[in-house]
Each structure stands twice: as C-alpha cells, then as structure tokens.
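# Structural characterization, general
Next come the chains, spelled out residue by residue.
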Amino acid sequence: MNSMRRIENVILTTATLAFGVVWIFPLYWAFITSIRSEQNVVGNASLWPNEIDLHAYMSALFDTKLMLWYVNSIGTAVIATVVVLLISVMCAYALSQIRFPGRGLLYGLVLASFMVPTQALVVTQFILMKNLNLINTWAGIILPQLVVPVVIIVYKQFFDAVPKEMREAVVLDGGGEFTILFKVYLPLNWGITTALAIVTFIGVWNNFFWPFLVITSEDMMTVPVGITQVHDTFGLHFAKLMAVAMLAALPVIAAYLIFQRRVTDAIMISSGVKG
C-alpha cells in the first residue's frame, strides 16, 4: 500500500508540475520578450535573451499614457468595488433578516440573473449610458458593473447562518437595522468581505469588453483597453507591447501574491455558489 501511495504521489506531483509549466510558460515568454530589443524579438527565439534590454519598459512608461490608464483603472475599480460591496451587503441583509412582501420574488430574480449572459445586456446598457450622457466617463464604466449577484448570495448565506438571538439582543437594546448590520453582522465576516473585495476589484480591473465600448478617448481608457493603443507608424513593437502587458498585470499579480489565501477562498465560495 505504501509503495502504491508513493507512486500515486509521484504521478500527481509530476502532473501538477507539468500543468504548472504549461500554465506559466506564456507569462514567462511575455516577460523575456519584454526584456529583449525589437531586433532580437524578431530574429532570436531562444528561451533566454542574449542581452537584457529595458528600452521597452522605458518606452512603455514614458511614450504611452500608461500612468493615466493606471489612474483610470484604479479609480474605477476601487469605486466599483466599494459600491458593489455596500449595495450587496445591504441587499443580502434585507433578504436574509427582514420580512417584507415580495422578498421571495426578489431573491428569485437575483438567482435568475445568473441565467442572463452579460453580453445580452450590452446594447441596452450602451443606449442607457448614451441617453444619460455618460459615454466616455468613469460613471459610464462603473454603473453597469455594480450588479454582482454572487456577492449578494454569498452574504445572504452568511447572514442566514448567524444566530437569530444576536439580532434580537440588539433590537432589545434599541438598535436599528443599520446598527445590527454594520456593528454586529458585518464585523463577523471581514474575511468574506476582504475576499469578495479582492475578487471584485480584479474582475473590474481586468474588464475589457465594456470599457472598450463605452470609452471613446485615449485619456479615459483603462489599462486593458489602453494596451490596444500600443503601436506606432511602423506597426506593432512586440517588446513594447509585452512590457505594457507586464506592467498592466503587475497590480493584479501583487494583489494575488499578498492576498493569495483570501483570493482562493473567494474563488471557492463563488464556485460553490454558482455550482
């Protein structure tokens, strides 16, 4: 039995390492491309450059509007994350703890929203943003991304599990619903809130399709959309393009490395809810 377990462990470890190499190789190739000169990108396909050239990074930082795109991405992502969490936690609390007419129907609509693909709403959302004169604005980027049903469902499941006696004790002491939510219930689940905040932030940061549609000027672009503008009169410069892509991914990579456990927990929670 022990020998069989060792063999199984070796096979699983080998398969994990193989899949890891397959997954990380494109990132590695993008990185080594970004530290090559443009001549070596085209003429040298080795796994490591003969010499390191940081000209692509200098060009990405000073010849593009990357810093401005960073500001737009960080601003929209932070605002969207805060508003999503605030709306979702209040909605989930109401669905979980407050009895009101139509509560079941409202929760059914939240669950049903999973069946509506985001792409099916794009035309309607674009027309709405245009009628509100929000094209090419931060509000136009943020508003359609504020409804995240999975966050509501995760919060509701947590609130359902909180003992009713806690709420009753606060009510007897004269506390209102906002006191119960923000001073009692919410401090109990900072771990879940942190995980959901990270995943929501990353989702908004990485969103390309909607900002690409609603933004019309280069100064208002987010990082994923701005990458598409990295070109010049002579066509694409692959080293510069990869350098911009690596710099664009840097905040997400840093957030994941710092909050790796929280991100993993949130993905498991989201997958469990969706499943």
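In this convention, every chain numbers its residues from 1, walking through the sequence in written order. pLDDT decides what is reported in this predicted model: residues at 70 or higher carry local features, side-chain atom pairs at 80 or more are listed and counted, and totals for whole chains, interfaces and linings draw on all residues regardless. As a rule here, side-chain values come from all non-hydrogen atoms in the structure, and water together with hydrogens is ignored.

Bringing the overall build of the protein into the picture now. A count of helical and extended segments in the protein gives 15 helices and zero strands. A 1.4 Å probe rolled over the protein chains alone gives each residue an accessible area, and that area as a share of the maximum for its type sets the label: buried under 20%, exposed over 50%, partly exposed in between. Within the protein, buried positions represent 36% of all 275 residues. Working definition of accessibility: Shrake-Rupley area with a 1.4 Å probe, residue cover restricted to the visible protein chains. When the accessible surface of the protein is summed, it comes to about 16200 Å², and 70% of that surface belongs to carbon and sulfur atoms. In this text, helices come from DSSP runs of H or I with a minimum length of four residues, and strands from runs of E with a minimum of two, each type numbered from the N-terminal end.

The next subject is the side chain of Ser-88. Within the element layout of this structure, Ser-88 appears in helix H4 (residues 66-97). Of the residues examined, Ser-88 reaches a relative accessible area of 2% and is grouped as buried. We call two residues in contact whenever any of their non-hydrogen atoms come within 4.5 Å of each other. Once residues lying within four places of it in the same chain are set aside, the contact partners of Ser-88 are Val-148, Val-151, Ile-152 and Tyr-155.

Before going further, it helps to examine unusual backbone geometry. Positive phi, normally seen in glycine, also occurs at Asn-133, with a value near 60°. Mapping Asn-133 onto the fold places it in the loop between helix H6 (122-131) and helix H7 (138-142). The backbone phi angle of Asn-136 is positive, close to 65°, even though this residue is not glycine. By the secondary structure assignment, Asn-136 is in the loop between H6 and H7.

The next point concerns the packing of helix H8 (residues 149-161) against helix H11 (residues 190-206). Note on geometry: axes are lines fitted to C-alpha atoms, helical ones only across the stretch in contact, with angles between N-to-C directions running from 0 to 180 degrees. Direction vectors running N to C along H8 and H11 enclose 175°, while the axes themselves pass 11 Å from each other. With respect to their mutual orientation, H8 and H11 come out roughly antiparallel. Residue-level contacts link Val-151, Val-154, Tyr-155 and Phe-158 of H8 to Ile-192, Thr-193, Leu-196 and Thr-200 of H11. The scheme is simple: roughly parallel for angles under 35 degrees, roughly antiparallel for over 145, roughly perpendicular for 65 to 115, oblique for anything else.

Salt bridge, as applied in this entry: a Lys or Arg side-chain nitrogen positioned within 4 Å of an Asp or Glu carboxyl oxygen. Tallying each qualifying case throughout the model produces two salt bridges. One salt bridge connects Lys-156 with Asp-160, and the closest N-O pair in it is separated by 2.9 Å. Taken together, the residues span about one helical turn, with Lys-156 and Asp-160 both in helix H8 at a distance of four residues. By relative accessible area, Asp-160 is classed as partly exposed at 35%.

Moving on, we get to the side chain of Ser-96. Inspection of the secondary structure puts Ser-96 in helix H4. In protein, a polar contact means a hydrogen-donor-capable atom and an acceptor-capable atom, both N or O and within 3.5 Å, with residues adjacent in sequence counting only if both atoms are side-chain atoms; elsewhere, any N or O pair within 3.5 Å suffices. Reaching out from Ser-96, the side chain makes a polar contact with the side chain of Gln-97 at a distance of 3.0 Å. Every residue in contact with Ser-96, bar those within four places of it in the chain, is listed here: Arg-103, Lys-156, Phe-159, Asp-160 and Lys-164.

For the protein, per-residue confidence averages 82 on the pLDDT scale, and residues scoring 70 or more make up 90% of the total. Each residue carries a pLDDT value, the predictor's own confidence for that position, ranging from 0 to 100. The weakest mean pLDDT in the protein belongs to helix H15 (residues 260-274) at 55; the strongest belongs to H7 at 93. Here residues 270-275 scores under 50 on pLDDT; set against residues more than four positions off or in separate chains, the count is six contacts.

This paragraph deals with the packing of aromatic side chains. For Phe, Tyr and Trp, rings pair up if their centres lie within 6.5 Å, where Trp contributes its six-membered ring, and each pair is then called stacked (planes under 30 degrees apart), edge-to-face (over 60) or tilted (otherwise). Tallying each qualifying case throughout the model produces eleven aromatic pairs. On the numbers, 5.9 Å between centres and 45° between planes, the contact of Tyr-70 with Trp-205 is tilted. Here the residue Tyr-70 occupies a position in helix H4, and Trp-205 occupies one in helix H11, the gap between them amounting to 135 residues. Both residues of the pair, Tyr-70 and Trp-205, belong to the buried class. When the centroid spacing of 6.1 Å and the interplanar angle of 0° are considered together, the rings of Phe-178 and Phe-182 count as stacked.

Moving on, we get to the nonpolar core. Only buried Ala, Val, Leu, Ile, Met, Phe, Trp, Tyr and Cys residues count toward a nonpolar core, and they belong to the same one when joined by side-chain atoms within 4.5 Å. One finds Leu-66, Trp-69, Tyr-70, Ile-215, Val-223 and Leu-247 to be the most contacted residues of the largest nonpolar core, which totals 30 residues. Those elements giving two or more residues to this core turn out to be helix H3 (55-62), H4, H6, H11, helix H12 (209-214), helix H13 (223-226) and helix H14 (238-258). It is H14 that provides the largest number of residues to this core, a total of seven residues. Setting aside anything within four residues of it in sequence, one finds Trp-69 in contact with Thr-64, Glu-218, Met-221, Thr-222, Val-223, Gly-226, Ile-227, Gln-229 and Val-230. Among the nonpolar cores identified, the runner-up in size contains 28 residues, and Tyr-93, Leu-146, Tyr-155 and Val-162 belong to it.

Turning next to H3. Within H3 the residues assigned to the buried category are Ala-56, Tyr-57, Ser-59 and Ala-60. The buried side chains of H3 occupy one side of the element, clustering within an arc of 160° when seen end-on. Turned more than 90 degrees away from the buried face of H3, the exposed residues are His-55 and Phe-62. An arc is given here, and it is the one of the directions from the helix axis to the C-beta atoms.

Attention shifts here to the environment of Ser-96. Relative accessible area serves as the criterion here: at 2%, Ser-96 is assigned to the buried category. Considering only alpha carbons, one finds Ser-96 and Ile-153, 57 residues apart in sequence, at a separation of 9.9 Å.

This paragraph deals with helix H10 (residues 177-188). Here H10 spans 16 Å end to end across twelve residues, near enough to the 16 Å set by a 1.5 Å rise per residue. Every buried residue belonging to H10 is among Ile-180, Leu-181, Val-184, Tyr-185 and Leu-186, and all of these are buried. Along its buried surface, H10 packs onto H4, H8, helix H9 (164-172) and H11. The length a helix should cover is 1.5 Å for every residue beyond the first.

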